[in-house]
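Here is what each chain is made of, one letter per residue.
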Amino acid sequence: MDFEDILKDAGEFGNYQKSLLFKFMMPTTFASAFYVLNVIFMVATPDHWCYVPELASLNLSETEIKNVAIPRLNDGTFSKCSMYSQNYSALVSEFKSKRRVSRSKNIRQNYSKKT
């Protein structure tokens, strides 16, 4: 009697074998995806630059903040590891005071046009 004959008598690939395959193969398959794809996360270097907390309080775009705080390299890109040495708190307070003055001028101009 061969193994194939015994297997035919016992049942070849039924629900029990399918459940065993699912229970033991799915977790390893799911985990192996992380092992294979972790290279993407380990090799890629995200675009980064110095964070200036004083400028974060302003409603500026990312490009505007970089133009104010981050120097450009010879190739035109922003530096990754350096920033201008400035008093950003004074810069922010000056910017906010100029914005208040310009808003009040706009309000006065708009009010004078309506009357």
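Attention in this report is confined to the structure presented alongside it. The structure presented is a predicted model; accordingly, all values stated were derived computationally and were not measured.

**Quick look at the packing of aromatic side chains**
- Inspection of every chain in the model, using the stated rule, returns one aromatic pair.
- Ring centres 5.3 Å apart and planes at 85° place the aromatic pair Phe30 and Phe34 in the edge-to-face group. Of the two residues, Phe30 and Phe34 both sit in helix α2 (residues 15–43), four residues apart, roughly one turn of that helix.
- Overall, the relative accessible area of 59% leaves Phe30 in the exposed class.
- Among the residues examined, Phe34 registers a relative accessible area of 54% and is labelled exposed.
- Seen from the ring of Phe78, Arg72 lies directly overhead, with NZ or CZ sitting 4.1 Å from the centre.

**Details of the pattern of salt bridges**
- In total, this model carries two salt bridges according to the counting rule given.
- Across the pair Lys66 and Asp47 runs a salt bridge, and its minimum N-O distance is 3.9 Å. Pair noted here: Lys66 is in helix α4 (residues 62–69) and Asp47 is in the loop between α2 and α3 (53–56), with a separation of 19 residues, a long-range link.
- Classification of Asp47 by relative accessible area gives exposed; the value is 53%.
- Between Asp47 and Lys80 there is a salt bridge, and its shortest N-O distance comes to 2.6 Å. Of this pair, Asp47 sits in the loop between α2 and α3 while Lys80 sits in the loop between α4 and α5 (88–114), and the two are 33 residues apart along the sequence.
- For Lys80, a relative accessible area of 36% corresponds to the partly exposed category.
- One network of salt bridges, with partners in common, ties together Asp47, Lys66 and Lys80.

**Let's talk about a negative patch on the surface**
- Together, Asp2, Glu4, Asp5 and Asp9 give the surface a local cluster of negative charge.
- The residue Asp2 is located in the segment before α1 (3–10) in this model.
- Taking relative accessible area as the criterion, Asp2 reaches 49% and is therefore assigned partly exposed.

**Describing a nonpolar patch on the surface**
- A cluster of nonpolar side chains, contributed by Tyr35, Val36, Leu37, Ile40 and Phe41, occupies part of the molecular surface with about 630 Å² of accessible area.
- Relative to the helices and strands, Phe41 is located in helix α2.

What counts as what
Residues numbered from 1 in each chain as written. Predicted model: local features only at pLDDT ≥ 70, side-chain atom pairs only at ≥ 80, totals over all residues. Heavy atoms only, no water. Phe/Tyr/Trp six-rings, centres within 6.5 Å; stacked < 30°, edge-to-face > 60°. Helix = DSSP H or I, 4+ residues; strand = E, 2+ residues; numbered from the N terminus. Buried < 20%, exposed > 50% of the residue type's maximum accessible area, 1.4 Å probe, protein only. Lys NZ or Arg CZ within 6 Å of the ring centre and 35° of its normal. Salt bridge = Lys/Arg side-chain N within 4 Å of Asp/Glu carboxyl O. Patch = residues over 30% accessible without salt bridge, like charges linked within 9 Å, V, L, I, M, F, W, Y side chains within 5 Å. Areas by Shrake-Rupley, 256 points an atom, 1.4 Å probe, with all protein chains shown as cover. Lys, Arg positive; Asp, Glu negative; His and termini not counted. Charge placed at Lys NZ, Arg CZ, Asp CG, Glu CD.

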